[in-house]
Amino acid sequence: MPSRKKAKGKARKAAKAEIAAEATRKHKDLVTQLNRLEDDETCVHGYESDLICGAFVKHFLDIVVQVPLDGNPHGVATDASRAKFPQEWNSVYMLRKIDSLLLALGVNYILKGDIDLARHCASSANFFKGFIEEVFYEGRPMCMELDKTTELFVSDEHTLVRYLQKRIPC
């Protein structure tokens, strides 16, 4: 009969092995889902095409990419895009389509291997999600979403994939 100390050691090893196996399984699931997305060329990840949204997002992302994180990129891009696209900022429908396009672009950039642009798209989508909740539905204050927006701006690939996986419908 093994000693109590040896039994506890074996139990710890078994628990560690179980945790490692679970992490490996989750990683394989993520890889499988990403491969499925790569193989399905017709999937637009929940976005319905709209030319105005495309122009808005291109303008917004161009500014976000140029401004450093400590320079409040989403605030600068908001001010600049309000001047050029005032009607889109007053329509919850258009802002939801813009949010959807940013998520779809983020997924496509991850699939292409451009993690930096995927970060910009995901953080901008989260910014719009918070903006819509605060302005149109008087939900949580925008400052609650800014922490997540900043986190996505500097996140690793795994965090980015998990965020996009939760937000897209496919």
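The structure under discussion appears in the preceding block.
What counts, and where the lines are drawn
- Within each chain, residues carry numbers counting from 1 in the order of the written sequence.
- This being a predicted model, a pLDDT of at least 70 is required before a residue's local features are given, and a value of 80 or more before pairs of side-chain atoms are given or counted; all residues contribute to the totals for chains, interfaces and linings.
- Excluded from the side-chain calculations are hydrogens and water; all other atoms, namely the structure's heavy atoms, are used.
- By the criteria applied, helices consist of DSSP H or I runs no shorter than four residues and strands consist of E runs no shorter than two, each listed in order from the N terminus.
- Only heavy atoms matter for contacts: two residues are in contact if any of them lie within 4.5 Å across the pair.
- Methods summary: accessible areas were calculated by the Shrake-Rupley approach with a probe of 1.4 Å, and residue burial reflects only the protein chains presented.
- To define a nonpolar core, start from buried Ala, Val, Leu, Ile, Met, Phe, Trp, Tyr and Cys residues and group those joined through side-chain atoms within 4.5 Å.
- Here the term buried applies to any residue with accessible area under 20% of the maximum for its type, exposed to any over 50%, and partly exposed to those in between, with areas from a 1.4 Å probe on protein chains only.
- Any Lys or Arg side-chain nitrogen found within 4 Å of a carboxyl oxygen on Asp or Glu counts as a salt bridge.
- Comment: axis = line fitted to C-alpha atoms, over the contacting stretch for helices; angle = value between 0 and 180 degrees taken between N-to-C directions.
- With respect to orientation, any angle under 35 degrees is reported as roughly parallel, any angle over 145 as roughly antiparallel, any angle of 65 to 115 as roughly perpendicular, and every other angle as oblique.
- It is the rotation of the near helix from the far one that decides the hand of a crossing: anticlockwise by less than a right angle makes it left-handed, clockwise makes it right-handed.
- Asp, Glu, Lys and Arg are counted as charged, while Ala, Val, Leu, Ile, Met, Phe, Trp, Tyr, Cys and Pro are counted as nonpolar; the rest, among them Gly, fall into the polar class.
- Here, patches come from residues exposed beyond 30% relative accessible area and free of salt bridges, joined within 9 Å for like charges and within 5 Å for nonpolar side chains (Val, Leu, Ile, Met, Phe, Trp, Tyr).
- Just so you know, the count uses Lys and Arg for positive and Asp and Glu for negative, and it drops His and the chain ends.
- Taken as the charge centre is NZ of Lys, CZ of Arg, CG of Asp or CD of Glu, depending on the residue.

A. Inspection of the overall build of the protein chain at higher detail. Across its full length, the protein chain holds eight helices and zero strands. Going from the N terminus to the C terminus, the protein chain shows its helices and strands as α-α-α-α-α-α-α-α. In the protein chain, the share of contacts with a sequence separation of at least 24, taken over all contacts with a separation of at least 6, comes to 71%. Per element, the accessible surface of the protein chain, about 10,500 Å² overall, is 56% carbon and sulfur.

B. Molecular detail of the nonpolar core. Formed by 35 residues in total, the largest nonpolar core has its most connected members in F56, F60, W89, I98, F128, L160 and L164. Beyond its immediate chain neighbours, meaning those up to four positions away, F128 contacts F56, F60, W89, L95, I98, D99 and L102.

C. Representation of the pattern of salt bridges. Per the stated rule, a full pass over the model turns up three salt bridges. Of the charged contacts, one joins D62 and K58 as a salt bridge, the two residues approaching to 3.2 Å between their closest N and O atoms. Of this pair, D62 and K58 both sit in helix α2 (residues 51-66), four residues apart, roughly one helical turn. Classification of K58 by relative accessible area gives exposed; the value is 53%. A salt bridge links R119 to D116; the shortest N-O distance between them is 2.6 Å. Pair noted here: R119 and D116 are both in helix α6 (residues 115-137), with a separation of three residues, about one helical turn. On the basis of relative accessible area, R119 is assigned to the buried category, the value being 18%.

D. Structural context of the packing of helix α3 (residues 73-84) against α6. The contact between α3 and α6 brings their axes to 11 Å, and the two run at 70°. In terms of axis orientation, α3 runs roughly perpendicular to α6. The element α3 and its partner α6 pack so that their crossing is right-handed. The segment α3 lies against α6, with H74, T78 and R82 engaging S123, S124, F127 and F131. Of the residues in the contact of α3 with α6, the class split is two nonpolar, four polar and one charged.

E. Quick peek at a positive patch on the surface. Positive charge collects at one region of the surface, where R4, K8, R12 and K16 lie side by side. Note on R12: relative accessible area 55%, which makes it exposed.

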